[in-house]
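# Working through the structure, step by step
This is what each chain is made of:
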Amino acid sequence: MPYIDPADVRAPRKNWTLLTVEFSTGRGDGTQPGWSVATGLWDDHPATGVRWNGQDDETGAGNPQSRGHPTWFILPDELVEPVMAKVAKLKEERDGVDCRVWSPPNYSEGAWKVTIQLSGEKQKIAGADFVFFYPKMSNDMFRAKDGYMVVAQGEKGLEICGKFVDGYWEGDLYTYNLHTKAEAVSNQIREIIVASLKRQITDAREPNVGP
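Structural notes, computed from the coordinates. What you see is a predicted model; the values in this text were computed from it and never measured.

## Quick word on the environment of Ala88
The topology assignment puts Ala88 in helix H1 (residues 77-94). Residues Ala88 and Asp98 lie ten residues apart in sequence; the distance between their C-alpha atoms is 7.6 Å.

As structure tokens, then:
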């Protein structure tokens, strides 16, 4: 089964709406194919899907599949909590910054919900109430949820910044020049935010330099 990017798997379309690929091991580690966990909607109700991504040296479309098309296996509600707890642990071990970017059904195109959770180790380094400068992303605008915003001195004067509360931040991002809900775009935004945060936590001398 060749590698299938989980962000491209939309079936079963009749019932399933993909929101966010929460975790993916990509093409795997050579001993087994990669796997993914995603959150979405099943008949407009929150749901969690899992699948094997497949490997490039095999035929098929990953697993599960239906008539040759890749699809998701929807977890029973009773299994969602332990699976997502493990996913959170794996994310923490991987990079210490758990950033989610998605466009809820009631958001317009180009508007994204963003949540960020720092791992225990990252909190020790940065501080639980770490103040960070938003990455520079063209004319796009971050808007923090109440309690997660401060004004701080930047390289060119005072700037509106984000503030973690007990290692957590929440807000919205408006991509004015990019009107879409594409999963590939949310992944790109996530990568920019995570890279910027890691740089700021590591080197406080350059807090507002984006990727």
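## Comments concerning helix H3 (residues 183-202)
With 20 residues, H3 ought to run about 28 Å at 1.5 Å a step, and its terminal C-alpha atoms sit 29 Å apart, in line with that. If you check which residues of H3 are buried, you get Glu183, Val185, Ser186, Asn187, Ile189, Arg190, Ile193, Val194, Ser196, Leu197, Gln200 and Ile201.

## Re the sheet that holds strand S2 (residues 34-42)
Taken together, four strands build an open sheet; the order of strands is S1-S2-S3-S6 and the sheet is antiparallel. Strand pairing shows two members of the sheet lacking a second neighbour, strand S1 (16-24) and strand S6 (73-74), which therefore form its edges. Together, S1, S2 and strand S3 (45-54) form the strand contacts of H1, whose direction differs from that of S1 by roughly 45 degrees.

## A closer look at the sheet that holds strand S13 (residues 168-174)
Strand order in the open sheet formed by four strands is S7-S8-S13-S10, and the pairing between neighbours is antiparallel. Of all the strands in the sheet, just strand S7 (97-102) and strand S10 (141-144) have a single pairing partner and so form its edges. When the angles between neighbouring strand axes are averaged without regard to direction, this sheet yields 25 degrees. The sheet contact formed by S7 and strand S8 (residues 111-118) spans six bridges and is antiparallel. Within S8, the position partnered with Val101 by the bridge is Val114. Sheet strands in contact with H3 are S7, S8, S10 and S13, and its direction is about 150 degrees off that of S7.

Each value, and the rule that gives it
Residues numbered from 1 in each chain as written. Predicted model: local features only at pLDDT ≥ 70, side-chain atom pairs only at ≥ 80, totals over all residues. Heavy atoms only, no water. Helix = DSSP H or I, 4+ residues; strand = E, 2+ residues; numbered from the N terminus. Expected span 1.5 Å × (residues − 1). Buried < 20%, exposed > 50% of the residue type's maximum accessible area, 1.4 Å probe, protein only. Pairing = 2+ DSSP bridges. Contact = heavy atoms within 4.5 Å. Axes fitted to C-alpha atoms, helices over the stretch in contact; angles between N-to-C directions.

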